[in-house]
Amino acid sequence: QDPFVAFHLDKALVSKYMSPLLIGELAPDEPSFEPSKNKRLVEDFRELRAAVEKMGLLNPNQMFFMLYLCHILLLDVAAWLNIWYFGSSTVPFLFSAMLLGIVQAQAGWLQHDFGHLSVFSSSRWNHWVHKFVIGHLKGAPASWWNHLHFQHHAKPNCFRKDPDVNMHPLFFALGKTLAVELGVKKKKFMPYNHQHKYFFIIGPPALLPLYFQWYIFYFVVQRKQWADLAWMLTFYIRFFLTYSPLLGVKGILGLFLLVRFIESNWFVWVTQMNHIPMNIDYDKNVDWFSTQLQATCNVHHSLFNDWFSGHLNFQIEHHLFPTMPRHNFWKVAPLVKSLCAKHGIEYQCKPLLTAFADIVHSLKDSGELWLDAYLHK
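Residues numbered from 1 in each chain as written. Predicted model: local features only at pLDDT ≥ 70, side-chain atom pairs only at ≥ 80, totals over all residues. Heavy atoms only, no water.

In the annotation of an unreviewed UniProt entry, the entry for the protein reads Fatty acid desaturase 1, and the organism field reads Tinamus guttatus.

S.K.: Lay out the packing of aromatic side chains in plain terms, naming residues and giving numbers.
M.R.: Throughout the structure, instances matching the rule amount to 40 aromatic pairs. Relative to Trp 288, the ring of Phe 7 has its centre 5.7 Å away and its plane inclined at 90°; by these criteria the two rings are edge-to-face. Within this pair, whereas Phe 7 is found in helix H1 (residues 2–7), its partner Trp 288 is found in helix H12 (residues 288–293), the two being separated by 281 residues in sequence. Classification of Trp 288 as buried rests on a relative accessible area of 6%. Judged by centre distance (6.0 Å) and plane angle (75°), the ring pair of Phe 199 and Phe 200 falls under edge-to-face. Taken together, the ring pairs connect Trp 144, Tyr 211, Phe 212, Trp 214, Tyr 215, Tyr 218, Phe 219 and Phe 267 into an aromatic cluster. Looking at Lys 186, its charged tip hangs above the ring of Tyr 374, at a distance of 5.9 Å from the centre. Sitting above the plane of the Tyr 68 ring, Arg 326 keeps its charged end 4.2 Å from the centroid. (Phe/Tyr/Trp six-rings, centres within 6.5 Å; stacked < 30°, edge-to-face > 60°. Helix = DSSP H or I, 4+ residues; strand = E, 2+ residues; numbered from the N terminus. Buried < 20%, exposed > 50% of the residue type's maximum accessible area, 1.4 Å probe, protein only. Lys NZ or Arg CZ within 6 Å of the ring centre and 35° of its normal.)

S.K.: For the side chain of Arg 260, give the residues involved together with the corresponding values.
M.R.: Counting through the fold element by element, Arg 260 comes out in helix H11 (residues 226–272). The class for Arg 260 is buried, based on a relative accessible area of 5%. Ignoring sequence-local partners within four residues, the contact set of Arg 260 consists of Gln 104, Lys 138, Leu 208, Pro 209, Gln 213, Phe 235 and Tyr 236. (Contact = heavy atoms within 4.5 Å.)

S.K.: Lay out the state of the cysteines in plain terms, naming residues and giving numbers.
M.R.: All told, the structure shown has 0 disulfides when counted by the stated rule. Here Cys 340 stays free of any disulfide, with the sulfur of Cys 349 as its closest cysteine sulfur at 12 Å. Residue Cys 340 is classed as buried on the basis of its relative accessible area, which comes to 1%. (Disulfide = S-S within 2.5 Å.)

S.K.: Could you give an account of the environment of Ala 206, naming the residues involved and the relevant values?
M.R.: In this structure, Ala 206 sits in the loop between helix H9 (195–202) and helix H10 (207–222). It is 6.9 Å that separates the C-alpha atoms of Ala 206 and Ser 264, two residues lying 58 residues apart in sequence.

S.K.: So what's going on with unusual backbone geometry? Residues and values would help.
M.R.: At the junction of His 168 and Pro 169, the peptide bond is cis and its omega measures out at 5° in the coordinates. For Pro 169, the position within the fold is in the loop between helix H7 (142–154) and helix H8 (176–184). The phi torsion at Leu 117 lies on the positive side, around 60°, for a residue other than glycine. Positionally, Leu 117 belongs in the loop between helix H5 (90–115) and helix H6 (123–136). Accessibility expressed as a relative area gives 9% for Leu 117, which makes it buried. Of note in the backbone geometry, Asn 285 takes a positive phi value of approximately 55° without being a glycine.

Encoded structure:
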C-alpha cells in the first residue's frame, strides 16, 4: 500500500488498471500483516503521510519550477553567446563548456522533478514536459529514465531489484554482506581491494560519456520508443546547428565530450553520496519507511547544496515522498526526524564533502572485506 500511495497522483485511475491483477482476498481469520514489517511504524508513517497531505506539502509552487527552467535556458543561451562574441579560443571555449555542464546537470535535476510527477497536478502534463526537458534539453529518453528510476525507488540498494547497484559484482563489490559473499565464493571480476582508487577512473568521469551515451540509443531502438528517439534527435540537431558555424565538426565533438565529462562527474558524486555508503544487501522485505531509511542519507541544507544537488541533499524525504515538490523537503524534514527518533532509527545528515568522502571510504571498506573473505574464508 505505501509504495502505491507514494508513487501515484490519481490513485482512483491507477486502481482501475490494477483490478485485473487481483488474484484473491485474504480470509478474515488470516493475518494481514507480514511479520518482517514493523506494524506500529507503518501506522505512524501513514499518520505522517496524512498530515503531510493536510498541510499541503504535496502541492507544488509552479513558479519555482518555471524560474528554475528559465535559469537553465538563460545559461544555455549564454554559453552560445560567449563563443559567438569572444570566439573559440581556449578560455571562451572552456567557459562555455562549464556553462553547458551546469545546464546539463541542472536540467538533469529538473527532469527528475517532472519524472516524479511533482510539478503539475496532472500526470499527463508532467509526462509531456518531462519528455521536453530530458529529451530536448538533455538528449535522453524519458522511457529509459522511468524504467530504471522507479525500480530504484521501490527497492533502493536491494541487489537484483535496484538497477543502480547493478555495477556489483562486475565492477565493484558493494555493501559489507555482498562483498563478503563474493569473497567466500572466490569471485574476482576486478581487484576490488583497489576499487576506491579505480572508482576515480571508471566512475565519475566515465559513466555518462562511455556508457549512458551509447546505451540510451540502444534502449530506445530495442524497445521501439520512437517518440523518445525523436525528442532526443532534436537535442543533437539543435546542438549541431547552433555550434557548427562557430566551432566546426571537431570543435563540436570536443565541446560535447567535455560537457558530458563535466556532467558525468557532477551526476555521479551527487547521486551516489546518498546511497553507496548506506546498507546494500538483498531485499529483506521490511516496511516502506525502514526500506528507505536504511538505504538513504541526507546532506546539510544550504542554498548552494540545494542548488548543486537539485535538492537531492534531502534524499530521505524525497524517497519517502517521491511526488513531493522539492521546495517543500525542508518543511517535512523535522517531522521525519521525529518519527525516526521515536522508533530508534538513525537519520543520517552530513556535510557535502563528508558525503563525497564517504563514497570512497565505503568502497575501501567493502573492498577490504572482500579481500579478507577471498583469502581466508
